[in-house]
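Each chain is listed here by its residues.
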Amino acid sequence: MPDSPDLAFVLLLVLRMVVAAVFVVTASIVTERSGPVIGALIATLPLSTGPVYVFLALDHDSTFIAESALAALPVNAVTIAFCLIYAVMAQRHAMIPSFVVAMTAWLVLATATRGVTWSLTGGLAANAVAAVVCLPLAQRYRKALMPPIRRRWYDVPLRASLVALLVAVVVAVSGRVGPLVTGVLAIFPIVFSSLMLILHPRIGGRATAAVVANALWGLVGFGLGVAALYLGALHLGSVIGLILGLAVSVCWNLGLWAVSRRGATG
């Protein structure tokens, strides 16, 4: 029978998995009902990364959180490329080849970021380059007819399982692999992956690609939020860093929402 510290760790890990899964599943359901623009803005909020970092902050000091966020910053640029690759592939291909090609590219590029010693300036520059290259290319895929979505019994279990697994892996291994690998794992595109795997077979590649393509502008703000988390955790502590990161991401997406509303009514 496990001793009490081991049992406490397991119970706390399960609790963290459940909390994160419920949060992400709820947000993704709202995403499906809101159309590609609003859905994309919701998807680029720190739905999975936020809970992961909250739980990491309970186990590690602010230096660990700051170093992890710095490692995650260039990976956000990789996620921007990941979304574009999927959007292009999904125009003509089924879900499996579209997702596999995009995910393979993400894994290769994310692994490559570990070979570079990143500074804040370098991480922001990587995001700027990704945005300048990918945003214009994704523009043509942002509009598509969004058919009604019929839910299936495995939707919620699949999304909950993906998010819970991410939380379990990151929290369990963070103390062993260090902040750099933890940063890469924490920013794994679990929300986009679940949306691709669930929506593509149901509403088609082009409609799913529209959600993903609209998310690229939101990912720019997400990258700024990660930078704010790094600066806040480094200079003011983990709690302030988490608050700043969330505030920047939310404010950016609210600004994008206001712009989209103005364009719709203009």
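Above this text you will find the structure in question.
Residues numbered from 1 in each chain as written. Predicted model: local features only at pLDDT ≥ 70, side-chain atom pairs only at ≥ 80, totals over all residues. Heavy atoms only, no water.

So, on to the overall build of the protein chain. Secondary structure summary: the protein chain contains 10 helices and 0 strands in total. When the helices and strands of the protein chain are placed in sequence order, the string is α-α-α-α-α-α-α-α-α-α. Counting all 266 residues of the protein chain, 50% fall into the buried class. Within the structure as shown, the protein chain displays about 12600 Å² of accessible surface, and the carbon and sulfur contribution to it stands at 72%. (Helix = DSSP H or I, 4+ residues; strand = E, 2+ residues; numbered from the N terminus. Buried < 20%, exposed > 50% of the residue type's maximum accessible area, 1.4 Å probe, protein only. Areas by Shrake-Rupley, 256 points an atom, 1.4 Å probe, with all protein chains shown as cover.)

Turning our attention to a nonpolar patch on the surface. Among the surface-exposed residues, Leu236, Val239, Ile240, Ile243 and Leu244 lie close enough to one another that they form a single nonpolar patch of about 460 Å² accessible area. Tracing the backbone through its elements, the reader meets valine 239 in helix 10 (residues 238-265). (Patch = residues over 30% accessible without salt bridge, like charges linked within 9 Å, V, L, I, M, F, W, Y side chains within 5 Å. Salt bridge = Lys/Arg side-chain N within 4 Å of Asp/Glu carboxyl O.)

Tyr53, Phe82, Trp106 and Phe192 are the most contacted members of the largest nonpolar core, which totals 58 residues. It is helix 4 (residues 62-90) that contributes the most residues to this core, 18 residues altogether. Residues contacting phenylalanine 82, with those up to four places away along its chain left out, are Phe99, Ala102, Met103, Trp106, Pro189, Phe192, Ser193 and Met196. (Core = buried A, V, L, I, M, F, W, Y, C linked by side-chain atoms within 4.5 Å. Contact = heavy atoms within 4.5 Å.)

To continue, consider the environment of leucine 135. Within the secondary structure, leucine 135 is located in helix 6 (residues 120-138). Note on leucine 135: relative accessible area 14%, which makes it buried. Put simply, leucine 135 and alanine 81 are 54 residues apart on the chain and 9.5 Å apart in space, counted from C-alpha to C-alpha. With sequence-adjacent residues up to four places away left out, leucine 135 is seen in contact with Ala130, Leu216, Trp217 and Val220.

Following the sequence through the fold, serine 98 ends up in helix 5 (residues 95-113). Here the side chain of serine 98 touches histidine 93 through a polar contact of 3.5 Å, landing on its backbone oxygen. Apart from residues lying up to four places away in sequence, serine 98 is in contact with Tyr86, Met89, Ala90, His93 and His200. (Polar contact = N/O pair within 3.5 Å; in protein donor to acceptor, adjacent residues only side chain to side chain.)

The next subject is the side chain of asparagine 76. Within the secondary structure, asparagine 76 is located in helix 4. When neighbours within four sequence positions are excluded, asparagine 76 is seen to be in contact with Asn127, Ile187, Leu219, Phe222 and Gly223.

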